[in-house]
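# A closer look at the structure
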Amino acid sequence: MSRYLVSLIGELVIPNLLLIKTLNAVNRHVFLCPRGGEYRAQVGRLCAVSDIDEPLLLEVEEFSLEDTDRVLKNHLNGPSSEYWVNLTSGSRIMALAAFEHFRKLQSQVFYLPPYRNVFMQLWPDHIEHHLPIKFKLCLKSCLEAHGVKITRISSNQHSLEQLEAMYAIITQNSNSRFMNLLNRLGSEKRSANEENKLARLARKFSQALGISEYEVETPAWLSFIKGAWFEEYMAYWLDRIVDEVYYGVVIEMDGVQNELDCVFMHENRLHFVELKASANIGDLNEFLYKLDSLGKDFGLLPRCFLGIADPDVEHGLRHNRQYLRRAKVMGINILTYSQLKPENIEKTLREALFSSR
């Protein structure tokens, strides 16, 4: 008996990839696909990531029951074949036509509810928790399936003591005067008064980090001190919970680039983390909308976190709850100073990652 796995192509990419990786003993992979080069490209990426040779591509009018029904009857109508059908993606019209067609044949119809790692069976019987997903999707495969390239621009590793020292210095001096002076480190044009202030600041960092004052103003250490430390700090703690964390990266699709502070997979779902060591409460809307649009612009639908180390922002949120309400509506979890302190951050991240959204 020939077994076919039928995947409906649409906005959601990962549910198809997960069922392809979960089901064995498939003789032929079939992709029911809306007409258009964009969708054909998606099929090509799925096949490349899943090592599928010679798939059967069936193109249909996305919103036509009649056309979808005609194409299925012409190509998949074998009474002696078995069909496994994934209705999670594709348009509703495609899903209706596919269900109506395959329920008359020997078939099992599957659906993956949002944010779940177990497929539901819809037909021939309704089984809520039918097919657990044991496959763990890696970050590279997830992004490749969406046509997104990722490049690491930061891979330095510092000691935990140095990361915690940076957290202490920055959060204890999160005022505009200190941050402006910090941003002047490494600048060539300095007044005599500024020279003395910058020298004291360099000495402060050299003592905290265990490096020479000269090293403080070298490019690698300047990048670390001016912000890369926070990405590495977050990645250090995430590494204790999830399998693989990229930090300081650029993602690119169709020539459009965006920088990400931290990105990782958890429970087969993509996660983005935007980090701000110092901020003003009034800037939160900008941060939230940027983070929200990042995933949507690339068609990735990630789970998003905004981490802000500045104690003043944590204090400001107690009196400006509208930012927290807006973040909740957007599905973004805001993590603040107390939650991100070295003694609290691992517990914070575990609670955030394992809680249902």
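Look up a bit, the structure's there.
Attention here is on the structure that accompanies the text. (Residues numbered from 1 in each chain as written. Predicted model: local features only at pLDDT ≥ 70, side-chain atom pairs only at ≥ 80, totals over all residues. Heavy atoms only, no water.)

Another point: helix α1 (residues 14-22). Counting buried positions along α1 gives eight out of nine residues, so the element sits mostly inside the fold. Of all the positions in α1, only I14, P15, N16, L17, L18, L19, I20 and T22 are classed as buried. (Buried < 20%, exposed > 50% of the residue type's maximum accessible area, 1.4 Å probe, protein only. Helix = DSSP H or I, 4+ residues; strand = E, 2+ residues; numbered from the N terminus.)

Attention shifts here to the pairing of strand β12 (residues 303-308). For β12, the buried fraction is high: six of the six residues fall into the buried class. Residues R303, F305 and G307 line one face of β12 and the alternating positions C304, L306 and I308 line the opposite face, and both faces are buried. Two strands pair when backbone bridges link them, and strand β11 (residues 269-276) and β12 are joined in this way by six bridges, in the parallel orientation. If you follow E274 over to β12, its bridge partner there is L306. (Pairing = 2+ DSSP bridges.)

Before going further, it helps to examine the side chain of H29. Here H29 shows up in strand β2 (residues 28-34). If near-sequence neighbours (up to four positions away) are discounted, H29 is found in contact with L5, I20, I52, P55 and L56. (Contact = heavy atoms within 4.5 Å.)

Scanning the model with the defined rule gives 20 salt bridges in all. Residues K73 and D69 are paired through a salt bridge, measuring 3.1 Å at the closest nitrogen-oxygen approach. Of this pair, K73 and D69 both sit in helix α3 (residues 65-75), four residues apart, which is roughly one turn of the helix. The exposure class of D69 is partly exposed, given its relative accessible area of 24%. The salt bridge involving D292 is made with K296; its shortest N-O contact spans 3.1 Å. (Salt bridge = Lys/Arg side-chain N within 4 Å of Asp/Glu carboxyl O.)

Taken N-terminus to C-terminus, the directions of α1 and helix α2 (residues 37-50) make an angle of 35°; their axes are 11 Å apart at the nearest point. Viewed along their axes, α1 and α2 form a crossing whose handedness is right-handed. Judged by residue contacts, N16, L17, I20 and K21 of α1 engage L46, V49 and S50 from α2. Taken together, the residues of the contact of α1 with α2 break down into four nonpolar, two polar and one charged. (Axes fitted to C-alpha atoms, helices over the stretch in contact; angles between N-to-C directions. Left-handed = near helix turned anticlockwise from the far one by under 90°. Nonpolar A, V, L, I, M, F, W, Y, C, P; charged D, E, K, R; others polar.)

L270 and F272 are the most contacted members of the largest nonpolar core, which has 56 residues in total. Counting residues in each nonpolar core, the second largest holds 46 residues, with L198, W221, L238 and V273 among its members. (Core = buried A, V, L, I, M, F, W, Y, C linked by side-chain atoms within 4.5 Å.)

Turning to the sheet that holds strand β8 (residues 149-152), a few remarks are in order. Read from one edge of the open sheet, six strands run β8-β9-β10-β11-β12-β13, paired in mixed fashion. Each of the sheet's edge strands pairs with one partner strand only, and the pair in question is β8 and β13 (332-335). With direction set aside, neighbouring strand axes in the sheet form an average angle of 40°. Examined bridge by bridge, β8 and strand β9 (residues 245-253) share four bridges and lie antiparallel to one another. Within β9, the position partnered with T151 by the bridge is V250.

Geometrically, the link from W123 to P124 is a cis peptide bond, its omega value of 10° lying close to zero. When you line up the elements, P124 lands in the loop between β6 (118-123) and β7 (127-132). A positive phi angle is found at D51, which is not glycine, with a value near 55°. The residue D51 is located in the loop between α2 and β3 (56-60) in this model. If you check the backbone angles, E54 has positive phi at about 50° while not being a glycine. Locating E54 in the fold gives a position in the loop between α2 and β3.

The next thing to look at is the side chain of D310. Considering the arrangement of structural elements, one finds D310 in the loop between β12 and α12 (311-317). At 11 Å, R318 is the nearest oppositely charged side chain to D310, a buried residue that forms no salt bridge. Residues within four places of D310 in sequence aside, it is in contact with S174, K276, A277, S278, A279 and Y337. (Lys, Arg positive; Asp, Glu negative; His and termini not counted.)

What follows concerns the pairing of β11. Among the eight residues in β11, seven count as buried, and that is most of the element. Bridge count for strand β10 (residues 256-266) against β11 is five bridges, and the pairing is antiparallel. Considered in β11, the bridge of V263 is made with F272. With antiparallel pairing between neighbouring strands as the criterion, β10 and β11 make up a hairpin whose turn holds two residues, including E267 at a positive phi of roughly 55°. Crossover handedness for the path β11 to helix α11 (residues 284-297) to β12: right-handed. (Right-handed = clockwise from strand over helix to strand, strands pointing away.)

Those residues of helix α7 (residues 176-184) that fall on the buried side of the exposure criterion are F178, M179, L181 and L182. With its buried residues spanning 160° around the axis, α7 presents them on a single face. Residues of α7 that are exposed and angled more than 90 degrees away from the buried face: S176, R177 and N180. Taken together, the buried residues of α7 touch α6 (160-172), α8 (192-209) and α10 (219-238). Capping of α7 at its N-terminal end is provided by N175; its side-chain oxygen lies 3.2 Å from the backbone amide nitrogen of R177. G186, located one to two residues past α7, shows a positive phi value of around 90°. (Arc of directions from axis to C-beta. Polar contact = N/O pair within 3.5 Å; in protein donor to acceptor, adjacent residues only side chain to side chain.)

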